[in-house]
Amino acid sequence: MASLINLQRRNLLKYAAIGMASVATYPVWSQAIEFKRVNQPSADFHPDVEIELTQNVTDIAIFEGEKTRVWKVTGKVLKGSSEVIDNNEGTYLAPTLRFKKGQKIRLILNNNLPAQSILHWHGLHVPANMDGNPMYAINQGETYIYEFEIRNRASTYWYHAHTHSVTARQVYSGLAGLFIVSDDQEMALDLPRGDLDIPLVIQDRSFDEHNQLSYSSHMMQRMQGFLGDRIMINGRPDFVLPVATRTYRLRLLNGSNSRIYKLAWDDGTPITVIGVDGGLLERPEQHGFVMLAPGERLELWMDFSGRVVDTELTLRSIPFDASTHGGGMGMMGGGMGGRGGMMGGGMMSVSSMPSGSDYPVLKVRVTKKEQSNDKLPKVLTPITALRVTDSQNAANPKTITLSMQHMSALLNGRSYKMNDIQPDEIIPVNTLQLIEFDNGFSGGMHGMMMDMPHPMHLHGEQFQIVKREVNSGSQENYQTVAAGFINNGWKDVVLVMPGEKVTILKPFNDFKGLFMMHCHNLEHEDMGMMRDLLVQ
Ligand code: C2O
Ligand code: CU
């Protein structure tokens, strides 16, 4: 432990030295001293639930024949009911964890991997040193202790590795799982539960002829993000969901590195959305299709009654165009060889299922008849609408420009650097902030810019979407996705399309320290499309 803290001190000294020139101008450096890894349980924290999570290199049988080497998290309940975790054995998925709002939990993370690593609780409102910022990464053989109270409302949250510059690879290897929170408000509603409440983690992967996960990091893959050629549901290939002729609650997580889904039932059944990232909506919404970007979650109410036993239904990803019409694919345009076809906007893909193409995602099979008379509630949970006039910077929104150029993916022209807070990245604690993500909306397109959708994620509290604006040159493509956005409710990821500006309101309450903002296309994140915000 002593050595850990010393190491941390040395790092801080190093950062302080690098930042010396800035010290005078930015008093924030004094704050840096507060950051230290937590590797001891605190005596005055009394958890309701205590779980040990251990990361190991493991071989599992995903396919017949050769086993697949994955990075697997396995959980053990030390305190509380054993039902709070499902280890998802036989898959690379990390355990599904289930908690209640208000519970105090302790999560003991042991890293047995031959690499540094750290886990982040995506969507949860926790103190900065419990949030899994890359600066807290632990080495093989080390332990990190997370202790926090669950303040979030009921929803489908998740967790995943957040290790500096290798997040994409680590999540791909298996370091991601669900973190489901329930609360009294949700329990009071008559929603399908138990076996009728089904989490579905959607991810894409590629396997080689030895059944091993393949992940290359050549330039094309990094610029566009990894696209696999096989859809995995809950870590399984060829997954089929058996259902009875009744209503289900389906919780979808897009846990893919970069793949964006435009989901629709193949028989035209509308999609009934009851919840998004940060929990249930105020009222259900019906859409012909829904967009699901990396990191986003959607909860669906799906009624299979009246269907014929032994029939199938497929949730497909249907075509959309993600690039700006006729727009500047300058650097990717010429000469890049790759198998697979061209995307709508001219980007070549190395996947046999390019982004925006048509492919099946989830197969459902009706296996038995069952009587039920579930009624979709007209009203779900109340949501307090945030108001622009309550924001601290109503007249002066904080603009975050998104850009990709050459080999870099940037936020406000900056690449990620650990502990590198600039004056415009400081946010006063207990304020509401008006933030706009500008993806080529105002700037226009220059030759060397690459137009891509960016699913933007902010750590800490959930936000609300205020408005979406699209420039005229991007309208045509935008219309292939627009009707699939759910802009109501609490969000922690918002997909920002090329030529679009999305304005959000985000509270920064309770906790000081570093909270990240980044693109949840994990290859983009690792390329530097990430910054820390210092709340103080
Ligand atoms: Cu889901 Cu900073 O991540
Ligand atoms: Cu991005």
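None of these values were measured; they are calculated from a predicted model. (Residues numbered from 1 in each chain as written. Chains lettered and ligands numbered in written order. Predicted model: local features only at pLDDT ≥ 70, side-chain atom pairs only at ≥ 80, totals over all residues. Heavy atoms only, no water.)

**Student:** Is there a simple way to explain the packing of aromatic side chains in this structure?
**Tutor:** How two aromatic rings sit relative to each other is given by the distance of their centres and the angle of their planes. Throughout the structure, instances matching the rule amount to 15 aromatic pairs. Judged by centre distance (4.7 Å) and plane angle (80°), the ring pair of Phe-63 and Phe-207 falls under edge-to-face. You can see Phe-63 sitting in the loop between strand S1 (49-60) and strand S2 (68-79) and its partner Phe-207 sitting in the loop between strand S10 (197-205) and helix H5 (219-224), a full 144 residues away along the chain. The two residues Phe-63 and Phe-207 agree in class, both being buried. Ring-pair connections join several aromatic residues into one group, and the members of that group are Phe-99, Trp-121, Tyr-136, Tyr-144, Tyr-146, Phe-148, Tyr-159 and Phe-179. Between Arg-468 and the ring centre of Phe-485, over which it is positioned, the NZ or CZ distance is 3.8 Å. In this arrangement the basic side chain of Lys-506 is found over the ring face of Phe-508, its NZ or CZ atom lying 4.2 Å from the centre. (Phe/Tyr/Trp six-rings, centres within 6.5 Å; stacked < 30°, edge-to-face > 60°. Helix = DSSP H or I, 4+ residues; strand = E, 2+ residues; numbered from the N terminus. Buried < 20%, exposed > 50% of the residue type's maximum accessible area, 1.4 Å probe, protein only. Lys NZ or Arg CZ within 6 Å of the ring centre and 35° of its normal.)

**Student:** Please explain the coordination of the copper ion (ligand 2) as it appears in this structure.
**Tutor:** The expected angle between donors at a tetrahedral four-coordinate metal is 109.5 degrees. At an octahedral six-coordinate metal it is 90 or 180 degrees. Only His-454 (ND1), Cys-519 (SG) and His-524 (ND1) from the protein coordinate the copper ion (ligand 2), and they sit 2.0 to 2.1 Å from it. Along the chain, the residues donating to the copper ion (ligand 2) fall in the pattern H-x64-C-x4-H. With His-454 in strand S25 (residues 454-458) and Cys-519 in strand S29 (residues 513-519), this pair connects stretches of sequence that are 65 residues apart. Neither residue differs from the other here; His-454 and Cys-519 are each classed as buried. (Donors = N, O, S within 2.8 Å, 3.2 Å for Na, K, Ca; no water.)

**Student:** Sorry, what's going on with the side chain of Thr-245 here?
**Tutor:** Relative to the helices and strands, Thr-245 is located in the loop between strand S12 (240-244) and strand S13 (247-254). Look at Thr-245 and you get buried, because its relative accessible area is 4%. Here the side chain of Thr-245 touches Glu-370 through a polar contact of 2.9 Å, landing on its backbone nitrogen. Among all residues touching Thr-245, those that are not within four sequence positions of it are Phe-304, Ser-305, Gly-306, Arg-307, Val-366, Lys-368, Lys-369 and Glu-370. (Polar contact = N/O pair within 3.5 Å; in protein donor to acceptor, adjacent residues only side chain to side chain. Contact = heavy atoms within 4.5 Å.)

**Student:** What is the right way to read the environment of Leu-514 from this model?
**Tutor:** As for its placement among the helices and strands, Leu-514 is situated in strand S29. A sequence separation of 21 residues divides Leu-514 from Val-535, and the C-alpha atoms of the two residues are 6.2 Å apart.

**Student:** Whenever I open this one, the sheet that holds strand S7 (residues 143-149) confuses me. Can you help?
**Tutor:** As a general point, the strands of a sheet are linked pairwise by backbone hydrogen bonds and lie either parallel or antiparallel. Pairing within the open sheet is mixed, and its 4 strands lie in the order S2-S1-S5-S7. Looking at the sheet topology across the chains shown, the edges are occupied by S2 and S7. For this sheet, the mean angle separating the axes of adjacent strands, direction not counted, is 20°. Where S1 lies against strand S5 (residues 104-111), 7 bridges are found, and the strand directions are parallel. (Pairing = 2+ DSSP bridges. Axes fitted to C-alpha atoms, helices over the stretch in contact; angles between N-to-C directions.)

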